[in-house]
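Read off the chains here:
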Amino acid sequence: MPMTENPAQHEQHEQHEQNDNESRPGAHRRDKSVQRRRVLIGGGTVAVVGGLAAAGLASADPVKGKGHKAKPSKSATASTAASASASATSSVCTLNAEVTEGPYSLDGALVREDIREDKEGVEVQYTFTVVDTANDCAPLADALVEIWHCDSLGEYSGFVGGNGHTEDDNGTFLRGGQLTDSDGQVSLVSIWPGHYVSRAVHVHMRVHTDVTLTDTSYTGGEVIHTGQLFFDEDINAEVQALDPYSDNTTAETQLSDDSIYDDGGASSGLLTLTALGSSVSDGYTATLTVGVDSFS
């Protein structure tokens, strides 16, 4: 189990990280050349373009959650409409940006659909579609899609105390993953993340291939994609104003000021959100098509 950081260490680390990024743009990127590359595949033609030109092309159609009737909010409706238009040509996909896994990753995630445990917050029902850009964007089956993120107070399991709060730490809350099906799809359930010093609200993601499942986890395999997921800034502001998020008094960084997100839309991890009800507290579905390169 990694050692717990105290609040002072965490704030010092984050401030150093932020200052370092201001002097070295893109320093968090695992491979700057990969981050700036967007591969569009359609009708047998391959074109390499940069940044915003591919924004939104990787968004999947919204999926209704079980037992819920979706009623899109205004901001979610706009995002969904753009996604539906972009998704009309199923032969087009993008290679998602590769970014740092951050300082709070742990090995051996639990394989499960619901990663919330006893954590309270606004429900998020994720549906990811993983496609292989190395294989004409065919769905990638049997890939383990793993996510992890902080709780409403900005604390990560295994590192509680890093955002200045005291709570129980079992090392597993808000961490987990599932295997994709034959259509490359996987569903996970969690809560909307809180925030912590110097970063906009986000979720971490890894895609593994060739893993061997155990009773509750996995062994072996290869990580072929490491990315981060981001949320609409306006909807996030509404969520962070709710209980229990409002108990988190640390400064929040807006998406437009984040050191990782590059305003690239879906190809940079921006999720398509659809409201599950008439209130923000009813939760959201969050969808994204994740373009990976199995030969990388």
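Residues numbered from 1 in each chain as written. Predicted model: local features only at pLDDT ≥ 70, side-chain atom pairs only at ≥ 80, totals over all residues. Heavy atoms only, no water.

A.B. asks: Explain the overall build of the protein to me, please; I cannot follow it from the model alone.
C.D. replies: Helix and strand counts for the protein come out as four helices and 13 strands. Counting over 296 residues, the protein shows a buried share of 51%. Carbon together with sulfur atoms contributes 49% to the accessible area of the protein, which is approximately 12,900 Å² in total. (Helix = DSSP H or I, 4+ residues; strand = E, 2+ residues; numbered from the N terminus. Buried < 20%, exposed > 50% of the residue type's maximum accessible area, 1.4 Å probe, protein only. Areas by Shrake-Rupley, 256 points an atom, 1.4 Å probe, with all protein chains shown as cover.)

A.B. asks: Teacher, can you tell me more about the nonpolar core here?
C.D. replies: One finds Tyr126, Phe128, Trp192 and Leu271 to be the most contacted residues of the largest nonpolar core, which totals 37 residues. Within the residue set of this core, elements represented by two or more residues are β3 (123–132), β5 (144–148), β7 (185–191), β8 (202–209), β11 (222–230), α4 (233–240), β12 (272–275) and β13 (284–292). Per-element accounting of this core gives the leading share, five residues, to β13. Once residues within four sequence positions are removed from consideration, Tyr126 is found in contact with Ile147, Val186, Ser187, Leu188, Ser190, Ile191, Val203, Phe231, Leu271 and Ala286. Grouped together as the second largest cluster of nonpolar side chains are seven residues, Tyr104, Trp148, Cys150 and Phe159 included. (Core = buried A, V, L, I, M, F, W, Y, C linked by side-chain atoms within 4.5 Å. Contact = heavy atoms within 4.5 Å.)

A.B. asks: When you look at the pattern of salt bridges in this model, what are you seeing that I'm missing?
C.D. replies: Two side chains bearing opposite charge may form a pair once their charged atoms approach each other closely. Enumeration over the complete set of coordinates arrives at eight salt bridges. Of the charged contacts, one joins Lys119 and Asp151 as a salt bridge, the two residues approaching to 3.1 Å between their closest N and O atoms. In this pair, Lys119 sits in the loop between α3 (74–86) and β3 while Asp151 sits in the loop between β5 and β6 (175–179), placing the two residues 32 residues apart along the sequence. Given the relative accessible area of 17%, Lys119 is considered buried. Residues Glu167 and Lys119 are paired through a salt bridge, measuring 3.2 Å at the closest nitrogen-oxygen approach. Within this pair, whereas Glu167 is found in the loop between β5 and β6, its partner Lys119 is found in the loop between α3 and β3, the two being separated by 48 residues in sequence. Residues participating in the shared-partner salt-bridge network are Glu101, Glu146 and Arg206. (Salt bridge = Lys/Arg side-chain N within 4 Å of Asp/Glu carboxyl O.)

A.B. asks: Help me understand the sheet that holds β6 in this model?
C.D. replies: For sheets, the rule is that strands pair by backbone hydrogen bonds, running either parallel or antiparallel. Strand order in the open sheet formed by four strands is β6-β5-β8-β11, and the pairing between neighbours is antiparallel. Two strands bound the open sheet, and with one partner strand each, they are β6 and β11. Taking each pair of neighbouring strands and ignoring which way they run, the sheet shows an average axis angle of 20°. Sheet analysis places β5 next to β8, joined by five bridges and oriented antiparallel. Considered in β8, the bridge of Leu144 is made with His208. (Pairing = 2+ DSSP bridges. Axes fitted to C-alpha atoms, helices over the stretch in contact; angles between N-to-C directions.)

A.B. asks: Is there a simple way to explain unusual backbone geometry in this structure?
C.D. replies: Glycine aside, the phi torsion of most residues is negative, and most peptide linkages are trans. Here Asp243 and Pro244 are connected by a cis peptide whose omega angle stands at 10°. For Pro244, the position within the fold is in the loop between α4 and β12. In the Ramachandran plot, Glu117 falls in the positive-phi region, its phi being about 55° despite a non-glycine side chain. Tracing the sequence through the fold places Glu117 in the loop between α3 and β3. One non-glycine residue, Cys137, lies in the positive phi region at around 60°.

A.B. asks: Quick question: what am I supposed to make of the environment of Asp183 here?
C.D. replies: Relative to the assigned elements, Asp183 resides in the loop between β6 and β7. Considering only alpha carbons, one finds Asp183 and Asp142, 41 residues apart in sequence, at a separation of 9.6 Å. Among all residues touching Asp183, those that are not within four sequence positions of it are Thr129 and Pro139.

A.B. asks: Sorry, what's going on with α4 here?
C.D. replies: Since the α-helix turns once every 3.6 residues, residues separated by three or four places project in the same direction. When α4 is considered as a whole, its buried residues turn out to be Ile235, Asn236, Val239 and Gln240. For α4, the buried positions fall inside an angular range of 135° around the axis, keeping them on one side. (Arc of directions from axis to C-beta.)

A.B. asks: I would appreciate a short explanation of the pairing of β13 in the present structure.
C.D. replies: Along a regular strand, successive side chains alternate from one face of the sheet to the other. For β13, the tally of buried residues reaches nine of nine residues, placing the bulk of the element in the interior. In terms of strand pairing, β12 meets β13 through four bridges, oriented antiparallel. Residue pairing across strands places Leu273 opposite Ala286, the latter belonging to β13.

A.B. asks: What am I meant to see in a negative patch on the surface here?
C.D. replies: Together, Asp118, Glu120, Asp168, Asp169, Asp243 and Asp247 line one region of the surface with negative charge. With respect to the helices, strands and loops of the structure, Asp168 is situated in the loop between β5 and β6. (Patch = residues over 30% accessible without salt bridge, like charges linked within 9 Å, V, L, I, M, F, W, Y side chains within 5 Å. Lys, Arg positive; Asp, Glu negative; His and termini not counted. Charge placed at Lys NZ, Arg CZ, Asp CG, Glu CD.)

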